[in-house]
Amino acid sequence: MEPNGVGMTEFMLSTISSKTLTLSEAVRQLKENAYMRTIKETLALYCGIGAKDEGALKKRVTELLLQSDPEAKRDSVERKVRTWMKDDAQAIGKRAAVQLAFALHLLVEDADHMLVRLSGERFHWRDPEDIIWVYGLNNRLSFPQANDLCQRLLGRAGAAQGREERTDAMTAMVKNRVMNLKTEDELAAFLEGARDELGKLHNTAYSLFMDFLSLLGLPDLNDFLAEAREMPIKEIVATYMYNNCIPRAHAAGKKAKEADASMQSAIQRDIRQNWPDEVVLSRMIHRETDVTRKVLILLFLACDGGESEYGDYSDDTPEDVFQDMYARMNSMLSDCGFAPLDSRTSFDWMVLYCMCTDESIFIDDTVQRFLSEIFPSGSGDGEET
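Analysis parameters
All residue numbers refer to positions counted from 1 along the written sequence of the respective chain. Two thresholds apply to this predicted model, a pLDDT of at least 70 for residue-level local features and 80 or more for giving and counting side-chain atom pairs, whereas whole-chain, interface and lining totals are computed over all residues. The basis for the side-chain values is all heavy atoms of the structure; hydrogens and waters are excluded. Helix and strand assignments come from DSSP, with helices taken as H or I runs of at least 4 residues and strands as E runs of at least 2, each series counted from the N terminus. Exposure categories follow from relative accessible area, calculated using a 1.4 Å probe and restricted to protein chains: below 20% of the type maximum is buried, above 50% is exposed, and the middle band is partly exposed. As used here, the arc is the angular range of directions from the helix axis to the C-beta atoms. Salt bridge, as applied in this entry: a Lys or Arg side-chain nitrogen positioned within 4 Å of an Asp or Glu carboxyl oxygen. For the purposes of this section, nonpolar cores are sets of buried Ala, Val, Leu, Ile, Met, Phe, Trp, Tyr and Cys residues that join through side-chain atoms within 4.5 Å. Contacts were defined at the residue level, with two residues in contact if any of their heavy atoms lie within 4.5 Å. In protein, a polar contact means a hydrogen-donor-capable atom and an acceptor-capable atom, both N or O and within 3.5 Å, with residues adjacent in sequence counting only if both atoms are side-chain atoms; elsewhere, any N or O pair within 3.5 Å suffices.

Draft legend 1. Structural context of unusual backbone geometry. Unlike most non-glycine residues, Arg140 shows phi in positive territory, near 55°. Mapped onto the elements, Arg140 comes out in the loop between α8 (128–138) and α9 (143–161). Phi at Arg287 takes a positive value of approximately 60°, unusual for a residue other than glycine. By the secondary structure assignment, Arg287 is in the loop between α16 (278–285) and α17 (293–303). On the accessibility criterion, Arg287 (19% relative accessible area) is buried.

Draft legend 2. Molecular detail of helix α2 (residues 23–33). Along α2, the positions that sit buried rather than exposed are Leu23, Ala26, Val27, Gln29, Leu30 and Asn33. Projected down its long axis, α2 shows its buried positions confined to an angular sector of 160°, all on one face.

Draft legend 3. View of the pattern of salt bridges. Taken as a whole, this structure holds 14 salt bridges when the rule is applied. Here Arg74 and Glu63 are joined by a salt bridge, their closest N and O atoms 3.0 Å apart. Taken as a pair, Arg74 in helix α5 (residues 74–84) and Glu63 in helix α4 (residues 54–68) lie far apart in primary sequence, eleven residues in all. Given the relative accessible area of 40%, Arg74 is considered partly exposed. By relative accessible area, which is 25% here, Glu63 ends up partly exposed. One salt bridge connects Asp365 with Arg369, and the closest N-O pair in it is separated by 3.2 Å. Placement of the pair is Asp365 and Arg369 together in helix α20 (residues 363–374), with a separation of four residues, close to one helical turn.

Draft legend 4. Here's a closer look at the nonpolar core. Grouped together as the largest cluster of nonpolar side chains are 63 residues, with contacts concentrated most on Phe209, Trp275, Leu296, Met329, Met332, Phe370 and Leu371. Ignoring sequence-local partners within four residues, the contact set of Leu371 consists of Tyr242, Cys245, Ile246, Ile271, Trp275 and Met350. Cys47, Leu64, Val98 and Ala103 belong to the second-largest nonpolar core, a separate cluster that totals 53 residues.

Draft legend 5. Representation of the side chain of Asn330 within the structure. Relative to the helices and strands, Asn330 resides in helix α18 (residues 321–335). You can call Asn330 buried: its relative accessible area is 14%. At a separation of 2.8 Å, a polar atom in the side chain of Asn330 contacts the main-chain amide nitrogen of Leu341. Not counting residues up to four positions away in its chain, the partners in contact with Asn330 are Pro340 and Leu341.

Given below as structure tokens:
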């Protein structure tokens, strides 16, 4: 676990909300206290083995993966585990994380927390495959048994994934029903009966995403041709996604490898990772890819929650503007299945600091200045994506 994890998080939050930090001090505080949690530390936590005892941890994780997948080749598994143990490894694939959850016999809630730490994702309660994983954990199946269920049952529900997904089917409506499934017949009947409610994409997040974009000037998808939407998308990305502040990748070299070892580089990678551009935003609009946590947060900041239930509807200015916005954003993230704001991570620290203004209209300028401090002119040269 990260040193002084909870205490440091509370300290950094209280430091932000005190509004005593200048921009330069906020960036310096981030460099001094940001903690990039590694995969190795998370595996050590859930395996009950100290992260410093790397040999024992490698052996334990390797055995867990082999036990949960008897057909796997040891050499391949060992190579995978060695990669996870590297200090710069910060995420693994969701399926691998799910496999570990089965191997460790975790309950659904504990598995969900581990998935966030290992892959950055939670169980998606409307994804047919994730529903089967949840069913398997709930009913104490092995990973091969749950995997077999996926192979056999998804053929029946697969037709639903080719349809246009309903955006009014919300996660909470499905979650309670999934958690009460006790038999394979019940699971199969649920997947068949809920075909129109299931899908890979996050509907609550998508609905908010489109509402925010509409407020920011994106024309209705049904009223305009692609050419008419092109300029509004460019403007939204440039204005509200601060695209010009984020350096793009260049060819890697010796200088890049040296920079990758520094905390500054780690902070830059964390903030820049999955930063949206015009193509990504367009794909999200047309439901060709899922709405990300980072995009939703940036759009929330741009319109202070907009006209959604997470917007600011108070007639009077809250006594603590920061705490009010902090609570509203966390409520939105929770309802969308995303992790809450975490002051120990670089992007979230930036967001939290920029929320500490007396008026939300000043957030945009603060974000741009913060990004300029993190990415001074030319800092992206030679770095990899």
